[in-house]
Amino acid sequence: MAGSAKGTRLAPVPGGTRPVSDRAREGLFSSLGARVEGARVLDLFAGTGAMGIEALSRGAGSALFLDSAPQAVSAIEQNLQRTKLGEHASVRRQDVLRALRQGIGSFDLVILDPPYRVPDAYLDAVLAEIAGQGAVTAGAIVAMTRSERSYMPVIPVNWRFERRLSYGDSAVLLFQTS
C-alpha cells in the first residue's frame, strides 16, 4: 500500500480469493500516476478491496466496491476500517453483471480483477455492459487483470488498448475509453 494508507496491514484474504500481487498493484498504480487523483473508482470483483483502497490511498475521490461473495465484502469493510478510507467508499454485495445492468453511476477508473475461472462469455458481457451503460466517463481508464494464459477479451469498439503490464502469471491490461 502506498499513499495515505502506507504500511497498513490488510485483513487476511478470504478463501477462494486470488489477490493481485503487491508487485502488480504497485506497477499498475505507478503507471496510472496522476490519473488516480480525484478519480471516481469502480472496483469490480473486488476481493479484499486492495486495488480500490490503493486508489483511495493515492488520492482517488471515491470508490465503489462490488463483489458477490460475503467473505469478500466483509474483508473489504474491514480493510476500509483499517485504512480509515471508508468515508469515501461504498461496498455492495452483488453480482457484477447484475449491478452494471441496474446502472451504478459513471466512473473515471474501473478496475476488474475477475477470478481466472470466470467464463470468457461472462467477462465479455461485463465489458460490453460497462461500455454500454455509461459506467465510464470519456477518457476513463479500464484496468483488467488476467492470467498470462487467458484469451484477450472482446474489447468494446470505442475503447483503445493502452498497454499490457506483465507480472509472473498475471497480466494487467489497460484500456482508455473515448
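In this report, the structure presented in the accompanying data block is examined. Every chain is numbered on its own, with residues counted from 1 as its sequence reads. Whole-chain, interface and lining totals are the exception, using all residues; otherwise, since this is a predicted model, local features are given only for residues with pLDDT of at least 70 and side-chain atom pairs are given and counted only at 80 or more. Hydrogens and water are ignored here; the side-chain numbers use all heavy atoms of the structure.

What follows concerns helix 5 (residues 120–132). Secondary structure follows DSSP: runs of H or I at least 4 residues long count as helices, runs of E at least 2 residues long count as strands, and numbering of each begins at the N terminus. Take the number of residues in a helix, subtract one, and multiply by 1.5 Å to get its expected span. Counted at 1.5 Å a residue, the expected span for helix 5 with its 13 residues is 18 Å, and the 18 Å between its end C-alpha atoms agrees. Packing partners of the buried residues in helix 5 comprise strand 1 (40–44), helix 4 (96–102), strand 4 (107–112), strand 5 (136–147) and strand 6 (159–167). Directly after helix 5, the chain includes Gly134, whose backbone phi takes a positive value near 70°. By the convention used here, residues are in contact when the closest approach between their heavy atoms is within 4.5 Å.

This part covers the pattern of salt bridges. In the sections that follow, a salt bridge refers to a side-chain nitrogen of Lys or Arg positioned within 4 Å of a carboxyl oxygen of Asp or Glu. With the rule as written, the count across this model stands at nine salt bridges. The closest approach of N and O atoms between Arg164 and Glu148, which form a salt bridge, is 2.9 Å. Of this pair, Arg164 sits in strand 6 while Glu148 sits in the loop between strand 5 and strand 6, and the two are 16 residues apart along the sequence. One salt bridge in this structure joins Arg160 and Glu162, with 3.9 Å as the shortest N-O distance. Buried residues are those whose accessible area, probed at 1.4 Å on protein chains only, stays under 20% of the maximum for their type, while exposed residues exceed 50% and partly exposed ones sit between those limits. For Arg160, a relative accessible area of 47% corresponds to the partly exposed category. Look at the salt bridges and you will find they share partners, linking Arg25, Glu26, Glu54 and Arg58 into a network.

Attention shifts here to the packing of aromatic side chains. For this analysis, a ring pair means two rings from Phe, Tyr or Trp (six-membered ring only for Trp) whose centres lie within 6.5 Å, classed as stacked if their planes differ by under 30 degrees, edge-to-face if by over 60, and tilted for the remaining angles. Using the criterion set out here, one finds three aromatic pairs in the structure. Between Phe45 and Tyr122, the aromatic rings sit 6.4 Å apart at their centres with planes inclined by 70°, giving edge-to-face as the arrangement. One end of the pair, Phe45, is in the loop between strand 1 and helix 2 (50–57); the other, Tyr122, is in helix 5, with 77 residues separating them in the sequence.

With that settled, consider the pairing of strand 1. Along strand 1, four of the five residues are buried, which leaves the element largely enclosed by surrounding structure. Only strands that DSSP links by at least two bridges are regarded as paired with each other. Judged from the five bridges that link them, strand 1 and strand 2 (residues 62–67) form a sheet pairing that is parallel. Residue pairing for strand 2: Arg40 is matched across the bridge by Ser62. Regarding topology, helix 2 serves as the crossover connection from strand 1 to the parallel strand 2, and that connection is right-handed. One ladder, built from four bridges, connects strand 1 with strand 4; its direction is parallel. What sits directly across from Val41, in strand 4, is Leu109. Note on handedness: a clockwise path from strand one over the helix to strand two, with the strands aimed away from the viewer, defines a right-handed crossover.

Take the buried residues of types Ala, Val, Leu, Ile, Met, Phe, Trp, Tyr and Cys, join any two whose side-chain atoms come within 4.5 Å, and each joined set is a nonpolar core. Counting residues in hydrophobic clusters, the biggest one holds 27 residues, and the most contacted among them are Leu28, Phe29, Val41, Phe65 and Leu109. Ignoring sequence-local partners within four residues, the contact set of Phe29 consists of Val36, Met51, Glu54, Ala55, Arg58, Leu109 and Ile111. Grouped together as the second largest cluster of nonpolar side chains are 26 residues, Leu42, Ala99, Ile130 and Ala135 included.

In this section: the pairing of strand 2. A large share of strand 2 lies buried, amounting to five of its six residues. Where strand 2 meets strand 3 (residues 89–93), five bridges bridge the pair, whose relative direction is parallel. The residue bridging Leu66 from the neighbouring strand is Arg92, located in strand 3. Once the chain exits strand 2 it traverses helix 3 (residues 70–83) before rejoining the sheet at strand 3, and the crossover so formed is right-handed.

To continue, consider the sheet that holds strand 7 (residues 170–177). Sheet architecture is open: seven strands sit in the order 3-2-1-4-5-7-6, paired in mixed fashion. Single-partner strands in this sheet number two, and they are strand 3 and strand 6. Direction aside, neighbouring strands of the sheet carry axes that sit 15° apart on average. Here five bridges tie strand 4 to strand 5, and the two strands are oriented parallel to one another. Each bridged residue has a counterpart across the sheet, and for Ile111 the counterpart in strand 5 is Ala143. Where helices are involved, their axes are fitted lines through C-alpha atoms of the stretch in contact, as for all axes, and angles between N-to-C directions lie from 0 to 180°. Contacting strand 1, strand 2, strand 3 and strand 4, helix 2 runs over the sheet at an angle of about 175° to strand 2.

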